Amino acid sequence: MNNLSKGAKLLLCIVTGIVGFVIIPGIWTAWQQSMGYKTPGVIFIMIIWGATAAAIRAIWKYQPDDNSSSNSNSSSTDIDRHKLDKN
């Protein structure tokens with residue numbers, strides 16, 4: 001797998017931020033108000049914002065392993081790496 005470029009990471013972070021910070025809380029607030037509640041359920045919105053912030057951080061720090069290119073190759077390197085030297 002190739003590493004995500006900074007442009008792709010930025011685009012994913014922007015889309016995640018818009019969905020998690022604006023769209024989902026907006027839908028939640030509208031749904032709560034349509035049911036007759038006066039407050040939108042602040043705890044749920046705080047949980048969604050925290051999950052969105054964690055997702056953005058995970059996207060930005062994502063670095064896949066470059067060593068595992070295929071299953072057959074990675075299984076043979078795992079076997080070699082875990083053998084004991086008996087010299």
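Structure shown above.
Attention here is on the structure that accompanies the text. (Residues numbered from 1 in each chain as written. Predicted model: local features only at pLDDT ≥ 70, side-chain atom pairs only at ≥ 80, totals over all residues. Heavy atoms only, no water.)

### Brief notes about the overall build of the chain
Alright, step 1. When helices and strands are counted, the chain shows three helices and zero strands.
Alright, step 2. For the chain, the α and β elements follow one another from N to C terminus as α-α-α.
Alright, step 3. Looking at the chain residue by residue over its 87 residues, the buried ones come to 14%.
Alright, step 4. Sequence separation of at least 24 residues holds for 72% of the intrachain contacts in the chain that already meet a minimum separation of 6.
Alright, step 5. Total accessible area computed for the chain in this model is approximately 7200 Å², and 63% of it derives from carbon and sulfur atoms. (Helix = DSSP H or I, 4+ residues; strand = E, 2+ residues; numbered from the N terminus. Buried < 20%, exposed > 50% of the residue type's maximum accessible area, 1.4 Å probe, protein only. Contact = heavy atoms within 4.5 Å. Areas by Shrake-Rupley, 256 points an atom, 1.4 Å probe, with all protein chains shown as cover.)

### Side note on helix α1 (residues 6–34)
Alright, step 1. If you check α1, its first and last C-alpha atoms are 41 Å apart, about what 29 residues at 1.5 Å a residue would give, namely 42 Å.
Alright, step 2. Most pronounced at valine 19, the bend in α1 amounts to some 30°.
Alright, step 3. Considered for burial, the residues of α1 that qualify are Lys9, Cys13, Gly17, Gly20, Pro25 and Gln32.
Alright, step 4. Positive phi appears at glycine 36, one or two residues downstream of α1, with a value of about 100°. (Expected span 1.5 Å × (residues − 1). Bend = angle between axes of the 7 residues up to and from the residue.)

### Brief notes about the packing of aromatic side chains
Alright, step 1. One pass over the full model with this rule turns up three aromatic pairs.
Alright, step 2. Centroid distance phenylalanine 21 to tryptophan 49: 6.4 Å. Interplanar angle 55°. Geometry classified as tilted. Placement of the pair is phenylalanine 21 in helix α1 and tryptophan 49 in helix α2 (residues 42–61), with a sequence separation of 28 residues.
Alright, step 3. The exposure class of tryptophan 49 is partly exposed, given its relative accessible area of 39%. (Phe/Tyr/Trp six-rings, centres within 6.5 Å; stacked < 30°, edge-to-face > 60°.)

### Digging into α2
Structural remark: α-helix, 3.6 residues per turn; residues separated by three or four positions point the same way.
Alright, step 1. Taking 1.5 Å per residue as the helical rise, α2 with its 20 residues ought to reach 28 Å, and the 29 Å between its terminal C-alpha atoms agrees with that figure.
Alright, step 2. By the burial criterion, the buried members of α2 are Ile45, Ile48, Thr52 and Ile59. When α2 is viewed along its axis, its buried side chains cluster within an angular range of 60° and face the same direction. Pointing more than 90 degrees away from the buried face of α2 are the exposed residues Ile43, Met46, Ile47, Arg57 and Lys61. (Arc of directions from axis to C-beta.)

### Observations concerning the side chain of glutamine 32
Alright, step 1. Within the secondary structure, glutamine 32 sits in helix α1.
Alright, step 2. For glutamine 32, the contacting residues outside a window of four places in its chain are Tyr37, Thr39 and Pro40.

### Description of the side chain of lysine 9
Alright, step 1. For lysine 9, the location among the structural elements is in helix α1.
Alright, step 2. The exposure class assigned to lysine 9 is buried, which follows from its relative accessible area of 7%.
Alright, step 3. Excluding its chain neighbours within four sequence positions, the residues that come into contact with lysine 9 are Leu4, Ile59, Trp60, Tyr62 and Gln63.

### Examining the packing of α1 against α2
Alright, step 1. Contact geometry for α1 and α2: axes closest at 9 Å, N-to-C directions at 175°. With respect to each other, α1 and α2 are oriented roughly antiparallel.
Alright, step 2. Class assignment of the residues belonging to the contact of α1 with α2 gives a composition of 16 nonpolar, five polar and two charged. (Axes fitted to C-alpha atoms, helices over the stretch in contact; angles between N-to-C directions. Parallel < 35°, antiparallel > 145°, perpendicular 65-115°, else oblique. Nonpolar A, V, L, I, M, F, W, Y, C, P; charged D, E, K, R; others polar.)

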